[in-house]
Amino acid sequence: MESILITTYAYGAYKKNLYLSNQVNDVKIEIGEDLASIKPIIFNSNSLYQMDDILYYYRENMQSATRSKKVFLWNGPELIGKHIEKKIDMNSYNMKEQLNRVITHQLFLVVKSQFNRKEKYVTIKNNILMNLNNEYYKDAVSKCKYSIKYLKGILAKICLKYKLVFLMYIISKIY
């Protein structure tokens, strides 16, 4: 019998060998490491089964990386993207389009987190502008496409593409 690893990542149970062969273990990803592993696991699965039963109750941790006012590292979205690129054939289906959306979303979270730094706005703004010049990010954001139904994604893309730092500052204070 094949061993199964039960994990809270994306609320699933996965075959242990599939999880181990797709997990992130060569780099340190601060936030989104589950995302970087789960997408390749699902892509490389031979079969999937979705249950309607609720067998797990999620407990929010207010000290978690996503809930605390932590400043996320700039290389996170790129590390996530490059890990997924290694594990998934980007020419299959619309995988590159999906990856561009992942990178854009993760990058927007990193930008928002920068406003948690205890520095002057102008210093933070200059740092954001410098990091948005990363070619990997510019390529993903420029090629990112969202459905008209996903207004938050469209707004994030516009803010990043046109470097609307003050608007991202306002959004960071609201959300």
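Let me sum up the structure you'll find in this document. This one's a predicted model, so the numbers in the text were calculated from it and none came from an experiment.

**Digging into the overall build of the chain**
At step 1: Each helix and strand counted, the chain has eight helices and two strands in total.
At step 2: Traced from its N-terminal end to its C-terminal end, the chain shows the element sequence β-β-α-α-α-α-α-α-α-α.
At step 3: Of all 175 residues assigned to the chain, the portion counted as buried reaches 37%.
At step 4: A separation threshold of at least 6 residues defines the contact pool for the chain, and within that pool the share at least 24 residues apart is 64%.
At step 5: Looking at the chain as shown, the accessible area adds up to about 11,500 Å², and 55% of this sits on carbon and sulfur atoms.

**Some words on helix α6 (residues 135-143)**
At step 1: For α6, the full list of buried residues reads Y136, Y137, A140 and V141. Projected onto a plane normal to the axis of α6, the buried residues spread over an arc of 120° and lie on a single side.
At step 2: Here α6 starts with a cap whose side-chain oxygen sits 2.7 Å from the backbone nitrogen of Y136, and that cap is N134.

**Looking at the packing of aromatic side chains**
At step 1: Under the criterion given, the structure shown has seven aromatic pairs.
At step 2: Summarising the aromatic geometry, the rings of Y136 and Y137 are spaced 6.3 Å apart at their centres and angled 65° between planes, so their arrangement reads as edge-to-face.
At step 3: Its relative accessible area of 16% is what places Y136 among the buried residues.
At step 4: Note on Y137: relative accessible area 2%, which makes it buried.
At step 5: Three or more aromatic residues link up through ring pairs in this structure, and these residues are F115, Y121, F166 and Y169.

**Quick notes on the packing of helix α3 (residues 76-87) against helix α4 (residues 95-114)**
At step 1: Contact geometry of α3 with α4 gives a least axis separation of 9 Å together with a crossing angle of 160°. One finds that α3 runs roughly antiparallel with respect to α4. For α3 against α4, the interelement crossing comes out right-handed. Facing P77, I80, G81, I84 and E85 of α3, the residues of α4 in contact are K96, L99, V102, I103, Q106, L107 and V110.
At step 2: Each residue belonging to the contact of α3 with α4 can be placed in one class, and the counts come to eight nonpolar, two polar and two charged.

**Observations concerning the side chain of N22**
At step 1: Within the secondary structure layout, N22 lies in helix α1 (residues 16-22).
At step 2: From its side chain, N22 meets the backbone oxygen of L18 in a polar contact 2.8 Å long.
At step 3: Within polar-contact distance, the side chain of N22 engages the side chain of S21 at 3.3 Å.
At step 4: Those residues in contact with N22 that lie beyond four places of it in its chain are A36, S37, P40, I41, N44, H83 and K87.

Conventions we followed
- Residues numbered from 1 in each chain as written.
- Predicted model: local features only at pLDDT ≥ 70, side-chain atom pairs only at ≥ 80, totals over all residues.
- Heavy atoms only, no water.
- Helix = DSSP H or I, 4+ residues; strand = E, 2+ residues; numbered from the N terminus.
- Buried < 20%, exposed > 50% of the residue type's maximum accessible area, 1.4 Å probe, protein only.
- Contact = heavy atoms within 4.5 Å.
- Areas by Shrake-Rupley, 256 points an atom, 1.4 Å probe, with all protein chains shown as cover.
- Arc of directions from axis to C-beta.
- Polar contact = N/O pair within 3.5 Å; in protein donor to acceptor, adjacent residues only side chain to side chain.
- Phe/Tyr/Trp six-rings, centres within 6.5 Å; stacked < 30°, edge-to-face > 60°.
- Axes fitted to C-alpha atoms, helices over the stretch in contact; angles between N-to-C directions.
- Parallel < 35°, antiparallel > 145°, perpendicular 65-115°, else oblique.
- Left-handed = near helix turned anticlockwise from the far one by under 90°.
- Nonpolar A, V, L, I, M, F, W, Y, C, P; charged D, E, K, R; others polar.

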